[in-house]
Amino acid sequence: MLYHWIIDVLFWIAVVFLVGVYVSWRATRLDRLHVRVETARAALDAALVRRAAAALELAASRLLDPAASLVLATAAHEARTADADNREFAESDLSRALRAVADQPDFAGTVAGKGGGEGADVLEELSSSSAKVAYARRFYNDAVAQARAARRKPLIRVLPLAGRAALPDFFEIDDDPPRF
């Protein structure tokens, strides 16, 4: 009789232990997903700042006509100084301004030919930073999608495994790079 009671107790201890290990694993996975979201957001912010800096450099380089420089500098400044609520709109405006400037007839040839090679360097930096924004946004949105999917699981909702972490939001902008 005592032997059966010990077996039952050991069985329930093993079950509780395995459930605890599983819950701990899910909580750790959720935490890693949130860290991944934060890291991807930092990379996205860095890429956006780099693109705005490259746009400001092009606008200040005197390689563009004054109207294009003003449009580009204004959009880049707005993107750099926008608050969290208006950041997506400001970044989309910068993307549209970059495409509008780049769509001018023979834009790349004219800019690259000016400034003794400085124009080509500025265009290369702008092209590179614009492509990195698209990649960084894609990685960030993938991380957000995975974190949101994990937080929809019943165990995560029933037990407060996410703690006080806010549900991450997607970052949706017009990030189609300009064609040089």
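Structure's up top.
Think of each chain on its own: its residues are numbered from 1, step by step along the sequence as written. Only residues with pLDDT of at least 70 are given local features in this predicted model, and only at 80 or more are side-chain atom pairs given and counted; all residues enter the totals for whole chains, interfaces and linings. For the side-chain quantities, the full set of heavy atoms in the structure was used; hydrogens and water were omitted.

### Looking at a negative patch on the surface
Patch membership is restricted to residues that have no salt bridge and whose relative accessible area is over 30%. Joining uses 9 Å for like charges and 5 Å for the nonpolar side chains Val, Leu, Ile, Met, Phe, Trp and Tyr. What sets the accessible areas is the Shrake-Rupley method with a 1.4 Å probe; for residues, cover comes only from the shown protein chains. The rule for a salt bridge is simple: a side-chain nitrogen of Lys or Arg has to be within 4 Å of a carboxyl oxygen of Asp or Glu. Note on charges: Lys and Arg go in the positive column, Asp and Glu in the negative column, and His and the chain ends are not counted at all. For charged residues, the charge sits on one atom: NZ in Lys, CZ in Arg, CG in Asp, CD in Glu. Together, Glu57, Glu118, Asp121 and Glu124 make up a negatively charged patch on the protein surface. By the criteria applied, helices consist of DSSP H or I runs no shorter than four residues and strands consist of E runs no shorter than two, each listed in order from the N terminus. When residues in the negative patch are grouped by element, the largest group, three residues, is from helix H5 (residues 118–151). On the secondary structure map, glutamate 57 appears in helix H1 (residues 2–60).

### Digging into the nonpolar core
Residues enter a nonpolar core if they are buried and are Ala, Val, Leu, Ile, Met, Phe, Trp, Tyr or Cys, with the set joined through side-chain atoms within 4.5 Å. With a 1.4 Å probe rolled over the protein chains alone, any residue whose accessible area is under 20% of its type maximum counts as buried; one over 50% counts as exposed, and the rest are partly exposed. One finds Ala55, Leu58, Leu64, Leu72, Leu94, Phe107 and Val111 to be the most contacted residues of the largest nonpolar core, which totals 23 residues. With six residues, the top contributor of residues to this core is helix H3 (residues 87–102). If sequence neighbours within four positions are ignored, leucine 58 has contacts with Leu64, Leu72, Phe107, Val111, Val122 and Leu126. Formed by 17 residues, the second largest nonpolar core is a distinct cluster that contains Leu30, Val37, Ala40 and Phe171. Any two residues whose heavy atoms approach within 4.5 Å at even a single point are treated as in contact.

### Quick look at the environment of alanine 165
Counting through the fold element by element, alanine 165 comes out in the segment after helix H6 (154–158). Residue contacts for alanine 165: discarding those within four places in its chain leaves His34 and Arg151.

### Regarding the layout of surface pockets
Volume-wise, the largest pocket comes out at about 270 Å³. Lining the largest pocket are 15 residues, and of these Arg41, Tyr140, Leu167, Pro168 and Asp169 lie nearest its centre. Elements represented by at least two residues in the lining of the largest pocket include exactly H1 and H3. Ranked by the residues each element gives to the lining of the largest pocket, the list is headed by H1, at four residues. Each residue gets one label: Ala, Val, Leu, Ile, Met, Phe, Trp, Tyr, Cys and Pro are nonpolar, Asp, Glu, Lys and Arg are charged, and the others, such as Gly, are polar. Here the lining of the largest pocket is built from residues that sort into nine nonpolar, one polar and five charged. In this analysis the probe radius is 1.4 Å and the grid spacing 1 Å, with only protein atoms considered; a cavity is a set of points the probe fits into but cannot get out of, a pocket is an open set with protein on both sides within 12 Å along at least five of seven lines, and lining residues have an atom within 4 Å of a point. Grid points are joined across faces, edges and corners, and a volume is the space filled by probe spheres set on the points.

### Brief notes about the packing of H1 against H5
Note on definitions: angles span 0 to 180 degrees between N-to-C directions of axes, and those axes are lines fitted to C-alpha atoms, for helices only across the stretch in contact. Taken N-terminus to C-terminus, the directions of H1 and H5 make an angle of 160 degrees; their axes are 8 Å apart at the nearest point. Between H1 and H5, the angle is such that the two are roughly antiparallel. The handedness of the crossing between H1 and H5 comes out as left-handed. Convention used here: angles under 35 degrees read as roughly parallel, angles over 145 as roughly antiparallel, angles from 65 to 115 as roughly perpendicular, and any remaining angle as oblique. With the far helix as reference, a near helix turned anticlockwise by less than a right angle produces a left-handed crossing, and one turned clockwise produces a right-handed crossing.

### Examining the side chain of arginine 26
Structurally, the position occupied by arginine 26 is in helix H1. The buried charged residue arginine 26 lacks any salt bridge, with aspartate 31 as its nearest oppositely charged partner at 13 Å. Contacts of arginine 26, omitting those with residues within four sequence positions, involve Ala150, Lys153, Leu155, Ile156 and Leu161.

### A few points about the side chain of serine 129
Structurally, the position occupied by serine 129 is in helix H5. On the basis of relative accessible area, serine 129 is assigned to the buried category, the value being 0%.

### Re the packing of helix H2 (residues 66–81) against H3
At a minimum axis separation of 8 Å, H2 and H3 run at an interaxial angle of 160 degrees. Viewed along their axes, H2 and H3 adopt a mutual orientation that is roughly antiparallel. As H2 packs across H3, the resulting crossing turns out to be left-handed. Note on element contacts: H3 touches H2 through Arg87, Ala90, Glu91, Asp93, Leu94, Ala97, Leu98 and Val101, opposite Ala68, Val71, Leu72, Ala75, Ala76, Glu78 and Ala79. By residue class, the composition of the contact of H2 with H3 is 11 nonpolar, no polar and four charged.

### Quick word on the pattern of salt bridges
Tallied over the full model, the rule gives 12 salt bridges. The shortest N-O distance in the salt bridge between arginine 51 and glutamate 91 comes to 2.8 Å. In this pair, arginine 51 is assigned in helix H1 and glutamate 91 in helix H3, connecting sequence segments 40 residues apart. Among the residues examined, glutamate 91 registers a relative accessible area of 1% and is labelled buried. Aspartate 175 is paired through a salt bridge with arginine 137; the nearest N and O atoms lie 2.7 Å apart.

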